[in-house]
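Here is what each chain is made of, one letter per residue.
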Amino acid sequence: MKNISRFLKTTAVLSLAAVMAFTPVGGTAIDAYAKTYTGSNEDSQDYSWNWSDVINSYLLETKNGLVRVQAGAINGKLLVENYNDNYKVESTTSVSLELPLFGSVATDGENYYVLTGKKNTECSDSAEVYRITKYNSEWKKLGSDSLYGANTTVPFDAGSARMVVDGDALYVRTCHKMYSGHQANVTMKFDTNSMKISKSYTEVAFSPTGYVSHSFNQFLGIDGDSFIGIDHGDAYERAICLNKCKSDFDAVNDGYFWFDSDYGTYVSLMDIPGNVGDNYTGVEIGGFGISKSTYIVAGNKVDDFNDKKSVSNVFVTYVDKDLQSKPTVVKLTNYKKSDTNVSTPQMVQISSDRFIVLWESSGIVNYVLIDGKGNKKTKIYQMKGSLSDCQPIVYNGYVTWYTWKDSLVVFNRIEAAHVSKTSSKVAQGVESLQDFSNITGFDEGTYTTIGSYYKNGKLAALETKIYDDSYNIIQKVKYSISGSNLKVTKVETSGESVTIPKTVTYGSEKYKVTEIEGSVFKGTCSKLKTITLPGTITKVSSTAFTGLRKAMKINIKSNKTNYSRIKKLLDKTNLSDKATIKNVSTSSF
């Protein structure tokens, strides 16, 4: 087996201005307007090399509402923010890490549990390497327990750490570099009442939870009285591994084997080609779920294992819960070599047999609704934004996650009951909330998002992106804002027609489109044949139609009075004499 050389992902240093009252645990509130944090979580769910990393960004649903927990923003501390349902920060806390390395955080809805770790380069059996700490709803420490030695030199090495609370137990699935220098998975069970680690599996030996080495990503779940562990293995086994056993872990480590049917059941959800221990697998896994009849994992893999530049595609693999059937791999995308490779996907469960799988490609978030056997229940939708290492959750009827970059924390949402509808809200960094929700005024079957940018704290511009039925971009319109009116500054389209709306609704404001600036179609509208303008237009630049074909069709959706006025404006522009201008019905506008 090969040793793993650990690499650090390079992260750009960005500033996050926290506009809030800031209360360190055990301290007093301070003014944090000038407080800056460094880092970004955009695209951090994507494997950094051949393996995953710990999750630093969390959304937790508690009895007090939505809580954001961010590791890595403050050195040696967790940043904890409580939000109201409109994504406004209500309170902020910092929590000191008990040990230097952050692993994971979880909640039972009232209390919090934090996993931390510490390196043990001396391979000392008396050195503390893992600690689980319980806090109450106000982040007051209630107790903790630790593992010492535990065959561990580097906790959380070359993998992730995830925790699940079930009843009076907290389950942990993570990983470590062992005394031997090799890497493997780790499993723990923590009694939330006694606050003691009741079971742990850290040795190179059979365990009921399943030994996997190397394990490059870890997931877990509780299904009734069964514990389900998922690992991305590159050696023993070289597969997407599923181990199932009793959740009480009533088995004894008594041999140097990683599978024994007397204690648990192992299934390869997908075998991985290549040499045992080769860190390159061409596979990334990013989600695990338990449906009413199956266990299902989402990931991506290269089409050609022998070509590291081969395009990747998103898949799910599932097996029936009795583990008697052969696992099935379902390909969700069919990207070709000319396409951009997809990111590590994520998956969120919205009902007993419905999941949304999300991934990024070409800078767009793609997602699709599937059932527990990978059957697509919708087409693939697209939305503006990014994924991050924040695992999406269902909160108040929305699939929700956040991204953090520069001065913005953005909450992204997909309506669980109507998955084609999406929105994003800026939670801090600017006072106004962005709203990328669908807007009206376009033909049925189109889907629109709205983006924006701010200058000196004020909304300065808007951008709409309109998608057709197959969700390819057919229209992008950029506007500058002048009071409550909009000026069209740029139009980009790959289609043959473009419609300028009469209004654009952004948050609670409705802006009227009144002007067309010069050269707005130049260079990006080569297929354009028809332009539809609203009756709200009051000014058109003389060079507005530079770069367009001569035989253009210009439709004006307005009453006769406004049509005559706008036609006179167009007659003074560089529109060709071969162009046709006509008045069209406003009934659908």
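Residues numbered from 1 in each chain as written. Predicted model: local features only at pLDDT ≥ 70, side-chain atom pairs only at ≥ 80, totals over all residues. Heavy atoms only, no water.

J.: Please clarify how the overall build of the chain should be interpreted in this entry.
T.: Within the chain, the secondary structure is distributed over 1 helix and 44 strands. Per-residue burial over the chain gives 55% buried out of 589 residues. Summed over its atoms, the accessible surface of the chain is roughly 24800 Å², and 46% of this surface lies on carbon and sulfur atoms. (Helix = DSSP H or I, 4+ residues; strand = E, 2+ residues; numbered from the N terminus. Buried < 20%, exposed > 50% of the residue type's maximum accessible area, 1.4 Å probe, protein only. Areas by Shrake-Rupley, 256 points an atom, 1.4 Å probe, with all protein chains shown as cover.)

J.: So what exactly am I meant to see when it comes to the confidence of the model for the chain here?
T.: Close reading of the predicted structure is inappropriate where its pLDDT is low. Summarising the model, the chain shows a mean pLDDT of 85, and 85% of its residues fall at 70 or more. The model gives residues 1–35 a pLDDT under 50, and that stretch makes 94 contacts with residues more than four places away or in other chains. Confidence over residues 429–445 falls short of pLDDT 50; this stretch has 54 contacts with residues more than four positions distant or in other chains. (pLDDT = per-residue confidence, 0-100. Contact = heavy atoms within 4.5 Å.)

J.: Honestly, the packing of aromatic side chains in this entry has me stumped. Any pointers?
T.: Aromatic ring pairs are described here by two measures, namely the spacing of the ring centres and the angle between the planes. Going through the model one piece at a time under the given rule, you end up with 16 aromatic pairs. Measuring from ring centre to ring centre gives 4.7 Å for Y87 and F411, while their planes differ by 35°; the resulting arrangement is tilted. Residue Y87 is found in the loop between strand 7 (77–83) and strand 8 (89–96), and its partner F411 is found in strand 32 (residues 408–415); the two are separated by 324 residues along the sequence. Measuring from ring centre to ring centre gives 6.0 Å for Y171 and F227, while their planes differ by 40°; the resulting arrangement is tilted. (Phe/Tyr/Trp six-rings, centres within 6.5 Å; stacked < 30°, edge-to-face > 60°.)

J.: When you look at the pairing of strand 39 (residues 503–506) in this model, what are you seeing that I'm missing?
T.: Along any regular strand the residues' side chains alternate between the sheet's two faces. Side-chain alternation along strand 39 places V504 and Y506 on a buried face and T503 and T505 on a face that remains uncovered. Pairing of strand 39 with strand 40 (residues 509–516) involves 4 bridges; the strand directions are antiparallel. Each bridged residue has a counterpart across the sheet, and for T505 the counterpart in strand 40 is K510. Linkage of strand 39 to strand 40, two consecutive antiparallel strands, is achieved through a turn of 2 residues, within which G507 is found at a positive phi near 65°. (Pairing = 2+ DSSP bridges.)

J.: Which parts of the structure should I look at to understand the pattern of salt bridges?
T.: Counting across every chain of the model gives 15 salt bridges. Across the pair K529 and E496 runs a salt bridge, and its minimum N-O distance is 3.8 Å. Linking K529 in the loop between strand 40 and strand 41 (530–534) with E496 in the loop between strand 37 (485–492) and strand 38 (497–499), this pair joins segments that are 33 residues apart in sequence. On the basis of relative accessibility, which here comes to 48%, the residue E496 falls in the partly exposed class. Bridged by salt links that share partners, the residues E98, E128, R131 and K141 form one connected network. (Salt bridge = Lys/Arg side-chain N within 4 Å of Asp/Glu carboxyl O.)

J.: Could you clarify how one ought to interpret the sheet that holds strand 26 (residues 346–351) in this entry?
T.: Sheet strands associate in pairs through backbone hydrogen bonding, adopting either a parallel or an antiparallel arrangement. Pairing is antiparallel across the open sheet formed by 4 strands, whose spatial order is 26-27-28-29. Here the strands that pair on one side only, and so sit at the sheet edges, are strand 26 and strand 29 (381–383). Direction aside, the axes of adjacent strands within the sheet are offset by 25° on average. Bridge analysis of strand 27 (residues 354–361) against strand 28 (residues 364–370) gives 7 bridges, and the strand direction is antiparallel. The partner of F355 across the bridge, within strand 28, is I370. (Axes fitted to C-alpha atoms, helices over the stretch in contact; angles between N-to-C directions.)

J.: For this particular structure, what's the right way to read the side chain of N82?
T.: Mapped onto the elements, N82 comes out in strand 7. Using a relative accessible area of 19% as the deciding quantity, one classes N82 as buried.

J.: Honestly, the pairing of strand 26 in this entry has me stumped. Any pointers?
T.: Taken together, the 5 bridges between strand 26 and strand 27 define a ladder with antiparallel strand orientation. Each bridged residue has a counterpart across the sheet, and for S351 the counterpart in strand 27 is R354. With antiparallel pairing between neighbouring strands as the criterion, strand 26 and strand 27 make up a hairpin whose turn holds 2 residues.

J.: Mind showing me how you'd approach the sheet that holds strand 24 (residues 312–320) here?
T.: Within the open sheet, the 4 strands sit side by side as 22-23-24-25. Their pairing is antiparallel. Either end of the sheet is taken by a strand with one partner, and the two such strands are strand 22 (283–290) and strand 25 (328–331). In this sheet, adjacent strand axes meet at a mean angle of 25° when their direction is disregarded. The pairing of strand 23 (residues 294–302) with strand 24 spans 9 bridges and is antiparallel. If you follow G299 over to strand 24, its bridge partner there is F315.

J.: Sorry, what's going on with unusual backbone geometry here?
T.: Trans is the common state for peptide bonds, and a negative phi is the common state for residues other than glycine. For the bond from S213 to H214, the omega torsion is -15°, close enough to zero to count as cis. Summarising the element assignment, H214 is placed in strand 18 (residues 213–223). A cis amide bond links Y236 with the next residue in sequence, E237, at an omega value of 0°. Tracing the sequence through the fold places E237 in the loop between strand 19 (226–236) and strand 20 (239–246). Positive phi, close to 65°, is recorded for F156, a residue that is not glycine. Counting through the fold element by element, F156 comes out in the loop between strand 13 (154–155) and strand 14 (162–166). We note that L323 has phi near 60°; this positive angle belongs to a residue other than glycine.

J.: Please explain the environment of K487 as it appears in this structure.
T.: Tracing the chain through its elements places K487 in strand 37. When the C-alpha positions of K487 and E515 are compared, they lie 4.6 Å apart, and in sequence the two are 28 residues distant.

J.: Would you mind showing me how to read helix 1 (residues 560–571) here?
T.: Given 3.6 residues per helical turn, the α-helix brings residues three or four places apart onto the same face. The end-to-end C-alpha separation of helix 1 is 16 Å, in line with the 16 Å expected for 12 residues at 1.5 Å each. Regarding helix 1, the residues found buried are Y563, I566 and L570. Mapping the buried residues of helix 1 onto a view down its axis gives an arc of 75°, with all of them on the same face. When the buried face of helix 1 is taken as reference, the exposed residues oriented beyond 90 degrees from it are T561 and K568. Those residues of helix 1 that are buried lie in contact with strand 41, strand 42 (539–540), strand 43 (553–557) and strand 44 (580–584). One side-chain oxygen of the residue at the start of helix 1 lies 3.3 Å from the amide nitrogen of T561, identifying that residue as N559. (Expected span 1.5 Å × (residues − 1). Arc of directions from axis to C-beta. Polar contact = N/O pair within 3.5 Å; in protein donor to acceptor, adjacent residues only side chain to side chain.)

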